[in-house]
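Reading the structure
What follows is each chain in one-letter form.
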Number of protein chains: 2
Amino acid sequence: MTTATQPLDSEQLRKLDAWWRAANYLSVGQIYLYDNPLLKEPLSLAHIKPRLLGHWGTTPGLSFIYVHLNRVIKDQDLSMIYVAGPGHGGPAMVANAYLEGTYSEVYPNIAQDEDGMRRLFKQFSFPGGIPSHVAPETPGSINEGGELGYALSHAFGAAFDNPELIVACVVGDGEAETGPMATSWHSNKFLNPIHDGAVLPILHLNGYKIAGPTVLARIPRDELEALFKGYGYAPYFVEGDDPMTMHQLMAATLDTVVAEIQRIQNDARAFGFDTRPRWPMIILRSPKGWTGPESVDGKATEGTFRSHQVPMADMTRPGHLKILEDWLRSYRPEELFDATGKLNAEIAALAPHGERRMSASPHANGGLLLRDLRMPDFRDHAVAVPSPGGVDAEATRVQGRFIRDLVRLNPDNFRVFSPDETASNRWDAVFEVTDRCSVAQILTGDEHVGPDGRVMEMLSEHQCEGWLEGYLLTGRHGFFSCYEAFIHIIDSMFNQHAKWLKVCNHIPWRRPIASLNYLLSSHVWRQDHNGFSHQDPGFIDHVINKKAAVIRVYLPPDANTLLSVTDHCLRSRNYINVIVAGKQSAPQWLDMDAAIKHCTAGIGIWPWASNDQGSEPEVVMACAGDVPTLETLAAVTLLHEHFPELKLRVINVVDLMKLQPPSEHPHGLSDREFDLLFTTDKPIIFAYHGYPWLIHRLTYRRTNHHNLHVRGYKEEGTTSTPFDTVVKNDLDRFDLVADVIDRVPRLGPQAAYAKQAIRDKLIEHQQYIAEHGEDLPEVRDWKWV
Amino acid sequence: MTTATQPLDSEQLRKLDAWWRAANYLSVGQIYLYDNPLLKEPLSLAHIKPRLLGHWGTTPGLSFIYVHLNRVIKDQDLSMIYVAGPGHGGPAMVANAYLEGTYSEVYPNIAQDEDGMRRLFKQFSFPGGIPSHVAPETPGSINEGGELGYALSHAFGAAFDNPELIVACVVGDGEAETGPMATSWHSNKFLNPIHDGAVLPILHLNGYKIAGPTVLARIPRDELEALFKGYGYAPYFVEGDDPMTMHQLMAATLDTVVAEIQRIQNDARAFGFDTRPRWPMIILRSPKGWTGPESVDGKATEGTFRSHQVPMADMTRPGHLKILEDWLRSYRPEELFDATGKLNAEIAALAPHGERRMSASPHANGGLLLRDLRMPDFRDHAVAVPSPGGVDAEATRVQGRFIRDLVRLNPDNFRVFSPDETASNRWDAVFEVTDRCSVAQILTGDEHVGPDGRVMEMLSEHQCEGWLEGYLLTGRHGFFSCYEAFIHIIDSMFNQHAKWLKVCNHIPWRRPIASLNYLLSSHVWRQDHNGFSHQDPGFIDHVINKKAAVIRVYLPPDANTLLSVTDHCLRSRNYINVIVAGKQSAPQWLDMDAAIKHCTAGIGIWPWASNDQGSEPEVVMACAGDVPTLETLAAVTLLHEHFPELKLRVINVVDLMKLQPPSEHPHGLSDREFDLLFTTDKPIIFAYHGYPWLIHRLTYRRTNHHNLHVRGYKEEGTTSTPFDTVVKNDLDRFDLVADVIDRVPRLGPQAAYAKQAIRDKLIEHQQYIAEHGEDLPEVRDWKWV
């Protein structure tokens, strides 16, 4: 008979433990065995892999949790996924997916028979095989192991707007030391029990990292409990090392916490949201390398850091083979698998059915669930532009209205993420239809804060990125708006997501997901409020180091182009789209039709600013980014004034990848197209938003590269006026004009005069700024051809 | 009379409050006033700055804390510094430094008179002036405001090995949401009360970020208390809004916590270290924009997010001028400053003396305290290299012995920082002389863990970087060792530190500090244990976007060059040195004399591998990085075998910056030197450690750039053998040979035969790997000339 504290009868206990033993057996097999998967022969060195790689330490704990989650899934027909934070728990997750049958379904070569098991073992950490950590190749995973810190953010992102889903999230005590993880516990202030699902965090304390002890395993129990109560959870402890005792304890605890989750949800869903619930979490303390060799070469191994990777790495040492064979046989494989390698039916029956298997949940292959966004017509928000430069607008404010309509039309699968910068980046319109999300205390006087808000703001770029990734990976859509300089905070998270997408492109069963879209605003050129520390346009450089197939970079020069680009990005799949755009009032260049045409091409001549029609220009003025475009067109106005005969061509670049050869990026212009635009021998003055050498990097193979002169940000400036900032970096109109004069020798003596006049003008500007602290009022008598 | 809860008599209270009013007056003045600093005339629009920038919200709280810290400093002759986390609290820190006299000492133009005050006000957030946040220009600061999250890590870094120092660290509730801050509270597990100083964290809850409420201000008091008890602190609450009540409460609390700090230190110093102390911290809850306008335009302002920046931004609106004048006059400036602008002597007397002033502490201008390291002779660790390639060694293991000697010789001003990778990166030797630092629980069986350890390991790259920065900025030395891929986690922190150093180079009173040194190991080419997620050599790309004056990148190809580079970096000042080196056993090329010569040059021909002596080569084989060097020399061996007549030159690059023109980096080779090395017209096959386009970026202005062909990492690979990884990225010896053959047409028909032979060899290798899971045993019959 069973009780609340002993919920498993002896049969259940035996079967659960058998599954766990099977998972552990398969894990050790993956780490060690090259052959002899069922141990039909006595183990010999020939059966051992030549390179022993992998991480045993965290693995048995992950499998222990897995089988217990399966019990409650099956008992209560729950929809769950499993986020495995501990980076190198690959063997466990693969083993359980194999036991559930999913692995063989998606990889028919790895069948549930002896040969399949041999392949399963061999492929692990083997050239041409699978990595040692949880990866896109692992069915059921939405979280790359390896770099640590994002498991819980991913889990909450998965739970948002998934009311029926429970996301079990295992957090290792190594990972728990990272900054992103330490703040991600606060995600519970943003989870709504009515329309979101639940996250069940399981902090897995096994005491050691690679070599040293972990912080959370070495603080007193009362501190540990206080910490998680302080984070707003109700912690439940499961501690010990005796498997049978631990099974009962874990089963009882899971019954309690699942009931508690359901009680919270039922209450909120029946009576409405009232106050932030105190969600349960589990603290599981179990030995590192649990059930592994107690000692190796006379040194304690189970329960110590020596279990972190491969407990016996050198199998030629005396006794090691015996230890391994005893270890493997301790799981009694003959009770688990029949002679053909098939899992004992009684054990196999523990797996949930079909999509209830965590390894087969469509939520962990979000493309399966992805619905297209209902798209408002971005043309409805067009800024009327009677003539180029004839009207001013704030580009991101206009974009914000489009985003508002998206929020309204897609109330359950589109969210906006930002570190408290939604309003600052001028997406205020969004607050006409929704709030900032918070299920914490709300005070009279708060504006646009509510428990149903679809704007996810926490002052943690990590948290925003992690939530959004989790949301996208489970089949939804979103947008991340951020100050340009501080998006570097998530450089490494970007890397992991880009690598995830790259790998997914080669996995047929992984279905495409919505692209990850960034708006980077409050950019390097407009830090009126801030200073040098807020100036860094290098995220673009970082992004284009990743595979061309997954990254896109857009620099729309005004509001209408920004609208067109935004629409395009939101319809795309499996990309990371970086959009850089200013929020300040600035001249508008293209009406909507021209903007669409320009964005579709990605790059083009602006004929109204050029006067080279019907002939080769003497100089090409290229620009990418809103401020460089403004300065270029102001320079063009000056040039038309001073040198009306000078034939110049203005090229604007929206899609940066157009500059690369097509061999490097699918968007790249052919050499012929590039030469037609940029000529093969005329000087090119290129005003670029970011670090100037990036343009060289993109174009160094082009015919006319040796005539290319790039201006961009060169780490000069601090809190100052917009114009002073471009001057400090030589990107201003006057410097651009001087660049042209220097490169068109035929201008002759007239040039020296013009250069002096322009220099005087610049000095006048600078003096005005030094005295008044603001720029001279913008001159708006554009001179086009 | 005074009591423990009312420690201030009325005189003290009056004076403290007067200082606070003075600081607030000066802060509002900085944000708003262009002229009329003493309000001698009625305020008019002419006195207001044209661009109103700055952040009022956090400012009064920062000054409140400042004056109270001054009281205890003075009462007890304490040595303290003040780390101001809230990014935009610039006005407060500048105001207090000005009141203390320090500001006028370092900036004599900003004197303590009316004209000085006018300049003080005007310069703030004004072109040519100072930024709105705490910055290198701010005396007393070691923490750039702006990007948030690092204040507490910096504070602990400052306290390590500074037993007499108390670091007061104010953490804003916005900043408290960041990941790095959330984990940095755990720094208390690494602070030794005997030989380290104390950190007094002051969590400043003022409730709002830019626009939304903060997480920690909206959780119940019991949760907040539990959280910080869980973090291991004893929290003391100071809450309210009535200034006089708050003064008594803050004073009483500071008396208590300073006494508690002293009790902890005295106990430990008298009786030895026993258990981790529960250090006190303060939770200060005060209104945002405290003492500012209660409401503006009918909307509540004090105590709300509307105080975050400039409460009245548009001063032409009716009534705003009046609100500002009333606000300024509410501080009763006539009581604070005399008609000449001099601070009332009674108030001025509140400042501590000389270096006890937090704005004048030498700890906050660490270069003043910097002592050279006692340097062991790196030559003592030289690997004997009888012939190039004739012996193998693990480069970082050899380096680790040098680091061990440094630790031993510099027991109080050198530490090693790493996210649990010291042993993994093979600096094991360090543990012969010291431990991993931990003042938390230590268990039997732990290895090399102790409360006096000088190896700072927490699984948070943010924490390691922040600690190290704090340690360096207060005048000490250190080294950060990290897996190459995951150093991107601190990209943005690197940015901030590089910008800090760049600005300091222009501030005469800021004295040079020790360089920040990175060892990046477990690099992209040797991820035998790990996979695709651990492969990213792009930190170099990120680094070289920053000012050439502060960054250096080294790629030593073997152990002896690594030793030489390490020695050089440890002696340097005000740089960020990035060293990339492998930890695996690999062939050694240079004996110590040759290594020193090679590293001193930074780049050079390896004559023993070249056969172009006395003539122009037909091809240049260049390499940078250990694995590319190995593959290049293996290719050279093959080429010498197949084409003994082929004249080739091998160039190895240690100092990457040598490739840039001298106009771009001070290390850059002149064009003439570059041409002499790389020829002006011969093909160059360049095998590079990182993303190949970086070499193009560095060399695009060089004469022979159009003949440059670069191989490097192109985002291919996963867990596999070292050789398979280079093959996947076309950096292997066979591909390099093929590159040469393709570019030297005169090789004729012999070439086709050789190419086939080489291709066969490659296929043989790949088949071996696929079957055995490891590389063919390395062939070591190098063929030199």
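An account of the accompanying structure is given in this report.

The rules we used
Residues numbered from 1 in each chain as written. Chains lettered and ligands numbered in written order. Predicted model: local features only at pLDDT ≥ 70, side-chain atom pairs only at ≥ 80, totals over all residues. Heavy atoms only, no water. Helix = DSSP H or I, 4+ residues; strand = E, 2+ residues; numbered from the N terminus. Rg over C-alpha atoms; globule rule 2.2 N^0.38 Å. Buried < 20%, exposed > 50% of the residue type's maximum accessible area, 1.4 Å probe, protein only. Contact = heavy atoms within 4.5 Å. Axes fitted to C-alpha atoms, helices over the stretch in contact; angles between N-to-C directions. Parallel < 35°, antiparallel > 145°, perpendicular 65-115°, else oblique. Left-handed = near helix turned anticlockwise from the far one by under 90°. Nonpolar A, V, L, I, M, F, W, Y, C, P; charged D, E, K, R; others polar. Buried area = accessible area lost by both parts, 1.4 Å probe. Salt bridge = Lys/Arg side-chain N within 4 Å of Asp/Glu carboxyl O. Phe/Tyr/Trp six-rings, centres within 6.5 Å; stacked < 30°, edge-to-face > 60°. Lys NZ or Arg CZ within 6 Å of the ring centre and 35° of its normal. Least-squares fit on C-alpha atoms with pLDDT ≥ 70 in both.

**A word on the overall build of chain A**
The helix and strand inventory of chain A stands at 24 helices and 22 strands. Taken against the 2.2 N^0.38 rule, which gives 28 Å for 785 residues, the C-alpha radius of gyration of chain A at 30 Å falls within 12% of a compact globule. Each principal axis of the C-alpha distribution contributes one length, and for chain A these read about 100 × 65 × 40 Å. Across the 785 residues of chain A, 70% fall into the buried class. At a minimum sequence separation of 6, the contacts of chain A that also span at least 24 residues come to 78%.

**Regarding the packing of helix α14 (residues 461-473) of chain B against helix α15 (residues 491-504) of chain B**
Residues and elements named next belong to chain B. Interhelical geometry of α14 versus α15 gives an angle of 15° and a closest axis separation of 11 Å. Considering their axes alone, α14 and α15 lie roughly parallel with respect to each other. Along this stretch, α14 crosses α15, giving a crossing that reads as left-handed. Contact residues: α14 offers His-462, Glu-465, Gly-466, Glu-469 and Leu-473, while α15 offers Met-493, Phe-494, His-497 and Trp-500. Residues of the contact of α14 with α15, tallied by class, amount to 4 nonpolar, 3 polar and 2 charged.

**With respect to the interface of chain B and chain A**
Interface extent is often summarised as the accessible area lost during association of the parts. Listed as interface residues are 122 residues of chain B and, on the opposing side, 121 residues of chain A. Between chain B and chain A the total buried area reaches about 9400 Å² when both faces are included, carbon and sulfur atoms providing 54% of it. Residue Glu715(A) is joined to Lys499(B) by a salt bridge in which the shortest nitrogen-to-oxygen separation is 3.2 Å. Contributing elements (two or more residues each) for the side of chain B that touches chain A: α7 (179-184), α8 (221-230), α15, α16 (539-543), α21 (693-699) and α24 (748-772) of chain B. Counting residues per element, the side of chain B that touches chain A draws most heavily on α15(B), at 7 residues.

**Re the environment of Thr58(A)**
All names here are of chain A. Checked against the element boundaries, Thr-58 lands in the loop between α1 (10-32) and α2 (59-76). You can call Thr-58 buried: its relative accessible area is 12%. With 535 residues separating them along the chain, Thr-58 and Asp-593 place their C-alpha atoms 57 Å apart. Beyond its immediate stretch of four places on either side in the chain, Thr-58 contacts Pro-86, His-88, Gly-89, His-204 and Asn-206.

**Remarks on the packing of aromatic side chains**
For the coordinates displayed, the defined rule picks out 71 aromatic pairs over all chains. With a centroid separation of 6.1 Å and 45° between ring planes, the pair formed by Tyr34(B) and Phe126(B) is classed as tilted. Of this pair, Tyr34(B) sits in the loop between α1 (10-32) and α2 (59-76) while Phe126(B) sits in the loop between α5 (114-123) and α6 (151-159), and the two are 92 residues apart along the sequence. On the basis of relative accessibility, which here comes to 22%, the residue Tyr34(B) falls in the partly exposed class. Aromatic pair Trp185(B) and Tyr233(B): ring centres 5.9 Å apart, planes at 85°, arrangement edge-to-face. Residue Trp185(B) is found in the loop between α7 and β3 (198-205), and its partner Tyr233(B) is found in the loop between α8 and β4 (234-239); the two are separated by 48 residues along the sequence. Both residues of the pair, Trp185(B) and Tyr233(B), belong to the buried class. Ring pairs connect the aromatic residues Trp185(A), Phe228(A), Tyr231(A), Tyr233(A), Trp185(B), Phe228(B), Tyr231(B) and Tyr233(B), which therefore count as one cluster. Against the face of Phe532(B) rests Lys502(A), its NZ or CZ located 4.7 Å from the ring centre.

**Quick notes on the relation of the copies chain B and chain A**
Structural alignment of chain B on chain A gives an RMSD of 0.0 Å, achieved by rotating through 180° and translating 0.0 Å along the axis. In short, the pair behaves as if placed about a two-fold rotation axis. Taking C-alpha positions as the reference, the residue of chain B nearest the rotation axis is Gly179(B), at 2.0 Å. Counting the interface residues of chain B, we find that 99% of their copies in chain A are interface residues as well, pointing to one common contact surface.

**A short note on the pattern of salt bridges**
Tallied over the full model, the rule gives 116 salt bridges over all chains. We note a salt bridge from Arg711(A) to Asp730(A), for which the minimum N-O separation is 3.6 Å. Of the two residues, Arg711(A) is situated in strand β22 (residues 708-711) and Asp730(A) in the loop between α22 (722-728) and α23 (733-743); the sequence distance between them amounts to 19 residues. Residues Arg371(B) and Asp412(B) are paired through a salt bridge, measuring 3.4 Å at the closest nitrogen-oxygen approach. One end of the pair, Arg371(B), is in the loop between α12 (345-348) and β8 (392-394); the other, Asp412(B), is in the loop between α13 (395-409) and β9 (414-418), and 41 residues separate them in sequence.

**Structural notes on the side chain of Gln660(B)**
Residue and element names in this part refer to chain B. The topology assignment puts Gln-660 in the loop between β20 (648-653) and α20 (671-678). A relative accessible area of 12% places Gln-660 in the buried class. The residues touching Gln-660, leaving out its near neighbours within four places in the chain, are His-665, Gly-668, Leu-669, Leu-698 and Arg-702.

**Observations concerning unusual backbone geometry**
Even without being a glycine, Ser125(A) presents a positive backbone phi close to 55°. If you trace the backbone, Ser125(A) turns up in the loop between α5 (114-123) and α6 (151-159). By relative accessible area, which is 1% here, Ser125(A) ends up buried. One non-glycine residue, Asp77(B), lies in the positive phi region at around 50°. When you line up the elements, Asp77(B) lands in the loop between α2 and β1 (79-84). The class of Asp77(B) is partly exposed, set by a relative accessible area of 49%.

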